[in-house]
Amino acid sequence: MADRERLLKTLTDLIRIDSPTGEEDEIDREITKRLESLGFHVHHDGFKNIIATLPGQGEPLLLSAHMDTVEPGRGIKPVLDGDVLRSDGTTILGGDCKAGLSIVLEALTSVIESGSGHRPIEVAFTRAEEGGLVGVHHLDFQRLTAKTGVVFDGEGSVNRISVAGPSQNVITAHIRGRAAHAGVEPEKGLSAVIIAAEILTQLPLGRIDSETTANIGRVEGGLKRNIIPEEAFLDGEVRSRDNNKLDHYSSEFRRVFDEVGIRHPDAAISLDIRNTYRSYNVEASHPAVAVLCRALANIGMEPRLEATGGGSDANVFYENGIVALPVGIGVQSFHTTREIAVIPEVVQGAEMCEGVIRGV
Ligand SMILES: [Zn+2]
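What you see is a predicted model; the values in this text were computed from it and never measured.

### Details of the packing of helix 2 (residues 25-37) against helix 3 (residues 95-114)
For the pair helix 2 and helix 3, the least separation of the axes is 11 Å and the interaxial angle reads 15°. One element, helix 2, and the other, helix 3, form an angle in the roughly parallel class. As helix 2 packs across helix 3, the resulting crossing turns out to be left-handed. For the pair formed by helix 2 and helix 3, the contact residues are Ile-27, Ile-31, Arg-34 and Leu-35 on the first element and Lys-98, Leu-101, Leu-105 and Leu-108 on the second. The residue inventory of the contact of helix 2 with helix 3, partitioned by class, reads six nonpolar, no polar and two charged.

The structure is reproduced here in structure tokens:
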């Protein structure tokens, strides 16, 4: 049985180890030590993702979470307030994804200590997930044999299973106009910022439909108050769970950039559209869903099968032939200083994970 106090201690211990994206070495050492003491063979691939294996009986199972956090995530001071763990308000909590790591470690500890049988386990703890699924893109998939698994990296309670997720195209654009002194000879300038604004007002943005979204998340441009801005930069994305819509809205973006470009022949506009991950959609009858439903039923919970607008390592596992679905880890308000972990829900996560490991 998952042990609440031991799980809470693991969670707070891991939260106290800073691991912003790109600085995962220390948490990696701690987790490697814990996995080795559980009897795992721990390997690091070329990107220093953890791939750990433990023999067992039956179908191999992949358990995954990521080791990095977003900022502000340094010197986090976890505060327990009843059943809720929060930060002191100046940082994130780092429950995303320390709760996921802790759930997997607690479930493994509980099953291994009990001496009961379990499936062959393959653990993949990735780096740089928050940097845009960078670690999993470099994961050494040759080392994995599991065809199904679980990614412990979702918001809310563990019965929330993301059975469908979107594709993402990243959109970046550089606009070059012409600098000129804003007071002396503004007529000689061509403002890249105004061209960017013209583009922005015409792009389809926000929620486009139930499975499609688009955003320009960063706009930069100009140098000084008294210079007509020569350069502007846009950084955005289009997502859809329907790849035809992804292609359609990506070409709409291209059309808007082209049309504005034609109106400003003296400007140089370069647009880059790049796919970062592909969508997935798994039937409720799929064995990867069925095993989660059985493990949830075993602890008296009803599954909630959901379609998400978020991308995760699960997208890249799917592209590589592994159906590993994201589930909730008992954490809310990811990526904010209001982030909290609801401890009874984190414990349920470990209980569900135990069922999957045992193969109930
Ligand atoms: Zn996460």
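### Some details on the sheet that holds strand 4 (residues 79-81)
If you walk across this open sheet you meet the four strands as 4-5-18-17, and the pairing is antiparallel. Edge positions in the sheet fall to strand 4 and strand 17 (331-332), since each has one partner strand and no second. Of the strand pairs in this sheet, strand 5 (residues 84-86) and strand 18 (residues 340-342) are connected by three bridges, and their pairing is antiparallel. Bridge pairing in strand 18 links Leu-85 to Ala-341.

### Looking at the domain arrangement of the protein
Split into domains, the protein comes out as domain 1 (4-165 + 279-358) and domain 2 (167-277). Put simply, the middle of domain 1 and the middle of domain 2, counted by C-alpha atoms, are 36 Å apart. Across the contact, 13 residues belong to domain 1 and seven residues belong to domain 2. On inspection of domain 1 and its partner domain 2, the count reaches zero salt bridges. Applying the counting criterion to the domain 1 and domain 2 interface returns six residue pairs in polar contact (both at pLDDT 80 or more). Contributing elements (two or more residues each) for the side of domain 1 that touches domain 2: strand 8 (160-165) and helix 8 (313-319).

### Here's the deal with the packing of aromatic side chains
Across all of its chains, the model carries two aromatic pairs by this definition. Aromatic pair Phe-141 and Phe-317: ring centres 5.9 Å apart, planes at 80°, arrangement edge-to-face. Taken together, the residues Phe-141 in the loop between helix 4 (134-137) and strand 7 (148-154) and Phe-317 in helix 8 connect sequence positions 176 residues apart. Residue Phe-317 is classed as buried on the basis of its relative accessible area of 0%. Where Tyr-280 meets Tyr-318, the ring centres are 5.8 Å apart and the plane angle is 45°; that geometry is what we call tilted. Linking Tyr-280 in strand 14 (residues 280-281) with Tyr-318 in helix 8, this pair joins segments that are 38 residues apart in sequence. A relative accessible area of 5% places Tyr-280 in the buried class.

### Side note on the coordination of the zinc ion
Ideal geometry at a metal centre gives angles of 109.5 degrees when four donors are arranged tetrahedrally and 90 or 180 degrees when six donors are arranged octahedrally. For the zinc ion, the protein coordination sphere consists of His-66 (NE2), Asp-96 (OD) and Asp-153 (OD), at 1.9 to 2.1 Å. On the primary sequence, the residues serving as donors to the zinc ion are separated as H-x29-D-x56-D. One end of the pair, His-66, is in strand 3 (residues 61-66); the other, Asp-96, is in helix 3, with 30 residues separating them in the sequence.

### Quick notes on helix 7 (residues 287-298)
For helix 7, which comprises twelve residues, the first-to-last C-alpha distance of 16 Å matches the rise-based estimate of 16 Å (1.5 Å per residue) to within 8%. Residues Ala-288, Val-289, Val-291, Leu-292, Ala-295 and Leu-296 constitute the buried set of helix 7. All buried residues of helix 7 lie within an arc of 165° about the axis, which places them on one face of the element. Residues of helix 7 that are exposed and point more than 90 degrees away from the buried face comprise Pro-287, Ala-297 and Asn-298. In the core, the buried residues of helix 7 are packed alongside strand 7, strand 8, strand 15 (304-307), strand 16 (323-328) and helix 9 (343-358).

### Details of the state of the cysteines
What the rule picks out here adds up to zero disulfides. Between Cys-293, a cysteine without a disulfide, and Cys-353, which holds the nearest cysteine sulfur, the sulfur-to-sulfur distance is 15 Å. On the basis of relative accessibility, which here comes to 23%, the residue Cys-293 falls in the partly exposed class. On the accessibility criterion, Cys-353 (0% relative accessible area) is buried.

### Section: the UniProt feature "domain: Peptidase M20 dimerisation" (unreviewed entry) in the protein
Mapped onto this numbering, the UniProt entry gives "domain: Peptidase M20 dimerisation" (unreviewed entry) at residues 174-261. With 34% helix and 31% strand, the stretch residues 174-261 has end C-alpha atoms that lie 12 Å from each other.

### Looking at the side chain of Asp-45
You can see Asp-45 is positioned in the loop between strand 1 (41-44) and strand 2 (50-54). Of the side chains with opposite charge, Arg-127 comes closest to the buried, unpaired Asp-45, at an N-O distance of 7.1 Å. A polar contact of 2.9 Å, which involves the side chain of Asp-45, links it to the backbone nitrogen of Phe-47. A polar side-chain atom of Asp-45 sits 3.1 Å from the main-chain amide nitrogen of Asp-140. Those residues in contact with Asp-45 that sit more than four places away from it in its chain are Ile-51, His-138, Leu-139 and Asp-140.

### With respect to the sheet that holds strand 11 (residues 212-221)
Working definition: the strands of a sheet are paired by backbone hydrogen bonds and lie parallel or antiparallel to each other. On the basis of which strands lie adjacent, the open sheet formed by five strands has the order 10-11-12-9-13 and antiparallel pairing. Because the sheet does not close on itself, it has two edges, and the strands there are strand 10 (206-209) and strand 13 (268-277). Averaged over all neighbouring strand pairs, the angle between strand axes comes to 20°, with direction disregarded. Examined bridge by bridge, strand 9 (residues 167-176) and strand 12 (residues 231-240) share ten bridges and lie antiparallel to one another. Across the sheet, the residue bridging to Arg-176 is Glu-231, located in strand 12. Across the sheet, helix 5 (residues 192-202) touches strand 9, strand 11, strand 12 and strand 13, and the angle it forms with strand 12 is around 20°. Lying over the sheet, helix 6 (residues 243-263) contacts strand 9, strand 10, strand 11, strand 12 and strand 13, oriented at roughly 170° with respect to strand 13.

Scoring rules and cut-offs
Residues numbered from 1 in each chain as written. Predicted model: local features only at pLDDT ≥ 70, side-chain atom pairs only at ≥ 80, totals over all residues. Heavy atoms only, no water. Axes fitted to C-alpha atoms, helices over the stretch in contact; angles between N-to-C directions. Helix = DSSP H or I, 4+ residues; strand = E, 2+ residues; numbered from the N terminus. Parallel < 35°, antiparallel > 145°, perpendicular 65-115°, else oblique. Left-handed = near helix turned anticlockwise from the far one by under 90°. Contact = heavy atoms within 4.5 Å. Nonpolar A, V, L, I, M, F, W, Y, C, P; charged D, E, K, R; others polar. Pairing = 2+ DSSP bridges. Domains from an automatic or database assignment. Salt bridge = Lys/Arg side-chain N within 4 Å of Asp/Glu carboxyl O. Polar contact = N/O pair within 3.5 Å; in protein donor to acceptor, adjacent residues only side chain to side chain. Phe/Tyr/Trp six-rings, centres within 6.5 Å; stacked < 30°, edge-to-face > 60°. Buried < 20%, exposed > 50% of the residue type's maximum accessible area, 1.4 Å probe, protein only. Donors = N, O, S within 2.8 Å, 3.2 Å for Na, K, Ca; no water. Expected span 1.5 Å × (residues − 1). Arc of directions from axis to C-beta. Disulfide = S-S within 2.5 Å. UniProt positions renumbered as here; feature names shortened; annotations may be inferred. Lys, Arg positive; Asp, Glu negative; His and termini not counted.

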